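# Inside the fold
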Amino acid sequence: MAATALSTDLYELTMMAGYHAAGLMVPATFELSVRALPPNRSFLVAAGLEQVLEYLETLRFQSEDIDYLRGLPNLQGVRPEFFDDYLPAFRFTGDVWAVPEGTPVFPPEPMLRVTAPLPEVQVAETAVMAWMTFQTSVASRAARMVEAASGRPVVEFGARRAHGVEAGLLAARAAFLAGCDGTSFVDAGRRFGIPLAGTMAHSWVLAFGDEATAFGTYAGVFGDRAVLLLDTYDTLTAAKRVAASRLRPDAVRLDSGDIVSLSRAVREILDAAGLQDTRIFATGELDEWRIAEIVAAGAPVDAFGVGTALSTSSDAPALGGVYKLVEIERAGALTGIMKFSPGKHTLPGRKQVWRVVRDGAAVKDVIALADEAGPSGGRPLLTRVMKDGRRDGPPQPIHELRAYCRAAVAELPDDLRRLADSVPYSVQFSDGLTTMIERLSTAGRER
């Protein structure tokens, strides 16, 4: 289901109507960031920008949308011209700056900066946050799994466990972007060009009178591309059946039991039968910790399929993203805005993030005001991707984003990428940003 202008929360629309009534149509800037890293994360991988840009570029209020809003009791006090004139002509006319998808980021750095007339930038909040925070959650966990696999392929298998079909689709996209090698979800392959991978299910084996017939029939259709599932009854007996047949499957799948010991035993059985090229594919409630254990044990597992842990980011399913006003025009001048709520304060002003790299390794990030010069050895992470409501260029192919992501993650320090006991990364504030924070804090205390 595609997003519409009504893919937003009610209070975005009440504020939008209120801004219109008050004549508060001035330029404003909102930024999307994350307050804190979830448990068991040492970095995040930004994802979801493509869906945000597509949404903003096509954002329109259709006549049926306007008719529905006009009839809401919550909007009965709104003046008719809001419905008759403003909404029919509404377009997003702003600018967007963002880190490229696949960029490792850290709290409280802005991943996205949107500048537009206040009602335009306000109404986009719900959709922007939903796309960015969900895909960033999945991409961040996928990057950990790819690191844990130490070069072995990881395939996303989680659409059936996702929170809806669209979530499964976007989870597959985010996982591939962050380094997974493919997905089982066919629509993701069609829409995004992600390689597809899959096997048989237990139901295939159970549908036949015996396991040997099930294997032979499947291989008869798919030949040397067949992947045979071994654990419907007894894993080692199934492996011996494959070895005794004339079948030469591309892979066998282990979906339960002690993957380490079973993979070793299955490997011996296959090798003894001359099936050295038949790979062993492991699935079944895997996550980065279990993958790392299997790899550390030296198990002869050639690839991993991960479902629930990826498509739901099960250990940290909600990312604490915020989309907050940081600057607004007042009396013709741009003014930094800062929220002081305990535990929920924000950083003022339009900002840029600079990554300082030495000898090919990232050493620190500096959050600065957008018009400040960057630190020595730093490169800016936020680039303009939309001007006056139109994208600066065509969407970047996801295979290019994936390659960029793997290179960007590899640039992070080794001790930061560890699954456990990672060393925190340094994120600093520039002099200009620090000065603005102090000035606004002093002014806030005097109010």
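Residues numbered from 1 in each chain as written. Predicted model: local features only at pLDDT ≥ 70, side-chain atom pairs only at ≥ 80, totals over all residues. Heavy atoms only, no water.

For the rest of this paragraph, the subject is the nonpolar core. Residues Phe215, Leu228, Leu230, Ile291 and Phe304 are the most contacted members of the largest nonpolar core, which totals 62 residues. Looking at this core element by element, the count peaks at 8 residues for helix α6 (residues 125-149). When sequence neighbours within four positions are dropped, the list of residues in contact with Ile291 reads Met145, Ala148, Ala149, Leu286, Phe304 and Val306. Judged by nonpolar contacts, the second largest core, of 56 residues, contains Leu49, Leu59, Leu72 and Leu382. (Core = buried A, V, L, I, M, F, W, Y, C linked by side-chain atoms within 4.5 Å. Buried < 20%, exposed > 50% of the residue type's maximum accessible area, 1.4 Å probe, protein only. Helix = DSSP H or I, 4+ residues; strand = E, 2+ residues; numbered from the N terminus. Contact = heavy atoms within 4.5 Å.)

Here helix α13 (residues 288-296) has its buried residues at Glu288, Ile291, Ile294 and Val295. Taken end-on, α13 shows its buried residues confined to a sector of 125°, consistent with a single buried face. The elements touched by buried residues of α13 are α6, α12 (259-272) and β11 (303-306). The N-terminus of α13 is capped by Asp287, whose side-chain oxygen sits 3.1 Å from the backbone nitrogen of Trp289. Gly298 occupies a position one or two residues after α13 and carries a positive phi of about 75°. (Arc of directions from axis to C-beta. Polar contact = N/O pair within 3.5 Å; in protein donor to acceptor, adjacent residues only side chain to side chain.)

Bringing the packing of aromatic side chains into the picture now. Enumeration over the complete set of coordinates arrives at 11 aromatic pairs. Ring geometry for Tyr86 against Phe90: centres 5.9 Å apart, planes inclined by 75°, an arrangement best described as edge-to-face. Comparing Tyr86 with Phe90, the two get one shared label, buried. Considering the side-chain rings of Phe106 and Tyr425, the 4.3 Å spacing of their centres and the 20° angle between planes classify their relative orientation as stacked. One end of the pair, Phe106, is in the loop between β4 (104-105) and β5 (112-117); the other, Tyr425, is in the loop between α15 (398-410) and β19 (427-429), with 319 residues separating them in the sequence. (Phe/Tyr/Trp six-rings, centres within 6.5 Å; stacked < 30°, edge-to-face > 60°.)

Here helix α2 (residues 49-58) crosses α6 at 165°, and the two axes come no closer than 8 Å. With respect to α6, the element α2 is oriented roughly antiparallel. Handedness of the crossing formed by α2 with α6: right-handed. Residue-level inspection shows Leu49, Gln51, Val52 and Tyr55 of α2 in contact with α6, the latter providing Ala127, Val128, Trp131, Met132 and Gln135. Among the residues making up the contact of α2 with α6, the classes are represented as 7 nonpolar, 2 polar and no charged. (Axes fitted to C-alpha atoms, helices over the stretch in contact; angles between N-to-C directions. Parallel < 35°, antiparallel > 145°, perpendicular 65-115°, else oblique. Left-handed = near helix turned anticlockwise from the far one by under 90°. Nonpolar A, V, L, I, M, F, W, Y, C, P; charged D, E, K, R; others polar.)

The subject of this paragraph is the layout of surface pockets. Estimates place the volume of the largest pocket at around 970 Å³. Those elements that provide at least two residues to the lining of the largest pocket are α2, α7 (165-177), α8 (186-192), β17 (383-387) and α15. Looking at the lining of the largest pocket element by element, the count peaks at 7 residues for α2. Counted by class, the lining of the largest pocket contains 23 nonpolar, 7 polar and 11 charged residues. Taken as a whole, the second largest pocket spans an internal volume of roughly 620 Å³. In this structure, the second largest pocket is lined by 26 residues; those nearest its centre are Phe157, Arg160, Arg253, Asp255 and Thr283. Secondary-structure elements contributing two or more residues to the lining of the second largest pocket are β11 and α14 (308-311). Of the residues contributing to the lining of the second largest pocket, the split by class is 9 nonpolar, 10 polar and 7 charged. (1 Å grid on protein atoms, 1.4 Å probe; cavity = no way out; pocket = protein on both sides within 12 Å on 5 of 7 lines; lining within 4 Å. Points joined across faces, edges and corners; volume = space filled by probe spheres on them.)

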